[in-house]
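# Reading the structure
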Amino acid sequence: PLTIVQGPQNQTVCEQLPAIFKVNVTGTGLSYQWYRGVPPSPLTPFVYSSYDSVTNTTTPNNRTLFTLTAAQSAAINGQKIAGETNPTYTINPASASADDGAIFYVVISSSVGCPTPLSIVVGPAQLRVNKLPVIVTEPVDTSVCLNSPINLSVEASGTSISYQWYKGAIPIAAPAGTNATYNI
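Residues numbered from 1 in each chain as written. Predicted model: local features only at pLDDT ≥ 70, side-chain atom pairs only at ≥ 80, totals over all residues. Heavy atoms only, no water.

## Observations regarding the overall build of the protein
Secondary structure assignment for the protein yields two helices and 18 strands. In the protein, which comprises 184 residues, the proportion classed as buried is 34%. A fraction of 60% describes how many contacts in the protein between residues 6 or more apart in sequence connect residues 24 or more apart. (Helix = DSSP H or I, 4+ residues; strand = E, 2+ residues; numbered from the N terminus. Buried < 20%, exposed > 50% of the residue type's maximum accessible area, 1.4 Å probe, protein only. Contact = heavy atoms within 4.5 Å.)

## Considerations on the nonpolar core
In terms of nonpolar packing, the biggest core is built from 24 residues, with Phe21, Val23, Phe104, Ile108 and Leu127 touching the most fellow members. Among the elements of the structure, strand 3 (19–22), strand 5 (30–36), strand 10 (88–91), strand 11 (103–110) and strand 12 (118–130) are those that each provide at least two residues to this core. Counting residues per element, this core draws most heavily on strand 12, at six residues. Sequence-distant contacts of Val23, that is, excluding residues within four places in its chain, are made with Gln6, Gly7, Pro8, Tyr32, Trp34, Pro87, Val106, Ile108 and Val122. Leu152, Val154, Trp165 and Tyr182 belong to the second largest nonpolar core, which has six residues in total. (Core = buried A, V, L, I, M, F, W, Y, C linked by side-chain atoms within 4.5 Å.)

## What to know about the confidence of the model for the protein
Mean pLDDT over the protein works out to 80, with 76% of the residues at or above the 70 mark. Low pLDDT (under 50) marks residues 42–72, which in the prediction has 79 contacts with non-local residues, meaning those over four places away or in another chain. (pLDDT = per-residue confidence, 0-100.)

## Digging into the environment of Phe104
Position of Phe104 relative to the elements: it lies in strand 11. We classify Phe104 as buried; its relative accessible area is 0%. For Phe104 and Lys80, which are 24 residues apart along the polypeptide, the C-alpha to C-alpha distance reads 9.9 Å. Setting aside residues no more than four positions away along its own chain, Phe104 makes contact with Phe21, Tyr35, Arg36, Ile81, Tyr89, Ile91, Pro124, Ala125 and Leu127.

## Describing the environment of Leu127
Tracing the backbone through its elements, the reader meets Leu127 in strand 12. Leu127 gets classed as buried once you look at its relative accessible area, which sits at 0%. Separated by 27 residues in sequence, Leu127 and Asp100 have C-alpha atoms that sit 5.9 Å apart. Non-local contacts of Leu127, meaning those with residues more than four positions away in its chain, are made with Gln11, Val13, Ala19, Phe21, Ile91, Asp99, Asp100, Gly101, Ala102 and Phe104.

Shown next, in the form of structure tokens:
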């Protein structure tokens, strides 16, 4: 029999770094196929099987287990990811424009056991890709008269941007030193 130890987990990675989805299943005669897309129950942990009527239980790792008829299994949508036939699927590098918000799941089949063949779908797991920060406008050199105020500013884009101004190697304390604009 197949035993699902752990399904793929949601991932949050920075752009240009790898995202790794893993499934841990015990059993014999196992084969894997990863898919990208929304399974029948979007963003709800589930396992779907192709051989029985609908039942609903919870596995030890808090995944919900549903068993479906073959006709119900045929309703699973998503695009097969060519060549991804291992328990681990890696996207390297992850792209914010192409991969952020994507959903993945894996179909695991066993050629051994009862009933045979048995195919289950494990997932989904969602990928979040944070955009790398990009400096849009840098601070510019400025000349001022002694004791005159100066305003320095920077503009950046990306995910969860934060700022820290420095004087030499020493960070300027918040709140003045942690904004996009620093007034002296």
